[in-house]
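So you can see what is in the structure, the chains are spelled out below.
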Amino acid sequence: MQTLIDLETQGWHALSTGGEASKQFYSSVLRDDAVMLFPGGIRLDGKENILQSLAAQPWKSFQIEAPQVISLSETVGVLVYQVTAQREGSNPYGALITSTYVLSDGTWKLALHQQTLV
């Protein structure tokens, strides 16, 4: 399930590049019914809403630590890891992350992403 770790890393690289790179990457990875949950009670429902939210300032740096993939079935995998990231002029951001991917037509799609502050 290295593929899921690679997808998540590609996502962070896209988020570190800027809004258009993020939108392009996530438009190919997100399921239409995807949900993202963030600290502060932020909930984004649906691919289009998530894509519209990706115009934020890009990350300057990120580090994925201790990635672990839990295979729930041949078509569902959950990636759990800790990330430390930082935006220009901001304090470091640390979170525990869970991303659930579903294999559909030979392609892994992100169904659920949740971040919990550490």
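That block above? That's the structure.
These notes cover the structure that comes with them. Please read all numbers here as calculations on a predicted model, not as lab measurements.

## With respect to the packing of aromatic side chains
Alright, step 1. For the coordinates displayed, the defined rule picks out 4 aromatic pairs.
Alright, step 2. When the centroid spacing of 5.7 Å and the interplanar angle of 50° are considered together, the rings of Trp-12 and Trp-59 count as tilted. Of this pair, Trp-12 sits in helix α1 (residues 2-17) while Trp-59 is found in strand β3 (residues 59-73), placing the two residues 47 residues apart along the sequence. In this structure, Trp-12 and Trp-59 share a single accessibility class: buried.
Alright, step 3. Aromatic pair Trp-59 and Tyr-93: ring centres 5.5 Å apart, planes at 35°, arrangement tilted. Placement of Trp-59 in strand β3 and of Tyr-93 in strand β5 (residues 93-104) is noted, with a sequence separation of 34 residues between them.
Alright, step 4. The class of Trp-59 is buried, set by a relative accessible area of 10%.
Alright, step 5. An aromatic cluster is defined as three or more aromatic residues linked by ring pairs; in this entry it consists of Trp-12, Trp-59, Phe-62 and Tyr-93.
Alright, step 6. The positively charged end of Arg-87 is found above the aromatic ring belonging to Trp-59, 3.8 Å away from the centroid.

## As for the environment of Ser-27
Alright, step 1. On the secondary structure map, Ser-27 appears in helix α2 (residues 19-29).
Alright, step 2. When neighbours within four sequence positions are excluded, Ser-27 is seen to be in contact with Lys-47 and Leu-51.

## So, the sheet that holds β3
Within a sheet, neighbouring strands are paired by backbone hydrogen bonds and run either parallel or antiparallel to one another.
Alright, step 1. Read across the open sheet, the 6 strands follow the order β2-β1-β6-β5-β4-β3; overall the sheet is mixed. Strands with a single pairing partner mark the edges of an open sheet, and in this sheet they are β2 (42-45) and β3. Strand-to-strand twist across the sheet, computed as the mean angle between neighbouring axes with direction ignored, equals 15°.
Alright, step 2. As defined by bridge partners, β3 adjoins strand β4 (residues 76-87) across 11 bridges and the pair is classed as antiparallel.

Procedures and definitions
- Residues numbered from 1 in each chain as written.
- Predicted model: local features only at pLDDT ≥ 70, side-chain atom pairs only at ≥ 80, totals over all residues.
- Heavy atoms only, no water.
- Phe/Tyr/Trp six-rings, centres within 6.5 Å; stacked < 30°, edge-to-face > 60°.
- Helix = DSSP H or I, 4+ residues; strand = E, 2+ residues; numbered from the N terminus.
- Buried < 20%, exposed > 50% of the residue type's maximum accessible area, 1.4 Å probe, protein only.
- Lys NZ or Arg CZ within 6 Å of the ring centre and 35° of its normal.
- Contact = heavy atoms within 4.5 Å.
- Pairing = 2+ DSSP bridges.
- Axes fitted to C-alpha atoms, helices over the stretch in contact; angles between N-to-C directions.

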